[in-house]
Amino acid sequence: MNIKNLSGVSEQDMAGKGNVGRSNPPGVSAEEMQRILDELPREVLAPAVSLIAENQNENNSIFAAKLDELSDGLEQKIDKGNTLELDNLEAYTPTKDYHPATALFVCQQVESHAASDQLHISEEERRLGRLAEKITFSSPAGSFTPSPGVDFSLVANADVPVTLKAPSAAGNRFLTMKGFIAISSEGSAEWGNGVMFPNGVKPVLEPGNCYLLEYFYHPKLPESPNGKWSVRCTRFH
């Protein structure tokens, strides 16, 4: 941009102008004295102020034109196809790990998981179940505390009633893991404190059933700034 310079009045501009430095009395006629007194305001100050105003007006026009240019180009620079706007009213489904999710999408996911007790079980989850058949759980006082990020499987039998405690905190990272528990017809299992559930409903672990436990760690929540685990419990045979 070709911005005009706004310069003031220098000592050099005022040199030899006005009554400064003249003899006293000046020894000139009244008309000449009037001309001398008008030298600074008429010949120095007035032209300087006029030039400043003229340059400032030109600068204002330049700035206004540039602002209009930037405003017009801003809409073109925003990739609408790659932006989820604050006032968005259209459906959006995230497909990758770091895609944003709308409030509606999150609510629908929570409701759909909480509403179904029998979900599709993948081959990996069935393998985890088969592994549990070979494991007999044993722990002091019948308590079991999963290790953060480590999948597990166990069996609750008649001799050892199992209390599933919450895993320890996992720092400032999101974390998931899976567990499997098979409860014999004579066995029992219950939830310990410190775990959240979809819709706040704690599922009952019934004897004679198998359960897939999917753990999700939330680093920070309004009610738990140090993080907390939630569990989605799915029963299958």
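Since we're looking at a predicted model, the values are computed, not measured.

Some points on the side chain of N59
Mapping N59 onto the fold places it in helix α2 (residues 30–77). With residues up to four places along the chain from it excluded, the contact list for N59 reads I3, K4 and L6.

Quick notes on the pairing of strand β7 (residues 210–218)
Where strand β4 (residues 175–183) lies against β7, eight bridges are found, and the strand directions are antiparallel. Bridge pairing in β7 places K178 opposite E214. Two strands pair when backbone bridges link them, and β7 and strand β8 (residues 228–236) are joined in this way by nine bridges, in the antiparallel orientation. Within β8, the residue paired with L213 across the bridge is C233.

Points about the pattern of salt bridges
Enumeration according to the criterion identifies four salt bridges in this entry. Among the salt bridges present, the one from R42 reaches D38, with a minimum N-O distance of 3.6 Å. You can see R42 and its partner D38 sitting in helix α2, four residues apart, about one turn around the helix. Using a relative accessible area of 61% as the deciding quantity, one classes R42 as exposed. Under the relative-accessibility criterion, D38 is labelled partly exposed at 24%. Among the salt bridges present, the one from E214 reaches R232, with a minimum N-O distance of 2.6 Å.

Considerations on the environment of D13
Among the secondary structure elements, D13 is positioned in helix α1 (residues 11–14). On the accessibility criterion, D13 (40% relative accessible area) is partly exposed. Separated by 30 residues in sequence, D13 and E43 have C-alpha atoms that sit 9.5 Å apart. Not counting residues up to four positions away in its chain, the partners in contact with D13 are G8 and V44.

A look at the sheet that holds strand β1 (residues 143–144)
Spatially, β1-β3-β5 is the arrangement adopted by the three strands of the open sheet, whose pairing is parallel. Each edge of the open sheet is held by one strand with a lone partner, namely β1 and β5 (189–191). Alignment of strand β3 (residues 162–164) against β5, held across three bridges, turns out to be parallel. Pairing of T163 across the sheet is with E190, part of β5.

Each value, and the rule that gives it
Residues numbered from 1 in each chain as written. Predicted model: local features only at pLDDT ≥ 70, side-chain atom pairs only at ≥ 80, totals over all residues. Heavy atoms only, no water. Helix = DSSP H or I, 4+ residues; strand = E, 2+ residues; numbered from the N terminus. Contact = heavy atoms within 4.5 Å. Pairing = 2+ DSSP bridges. Salt bridge = Lys/Arg side-chain N within 4 Å of Asp/Glu carboxyl O. Buried < 20%, exposed > 50% of the residue type's maximum accessible area, 1.4 Å probe, protein only.

The analysis is restricted to geometry; functional conclusions fall outside its scope.
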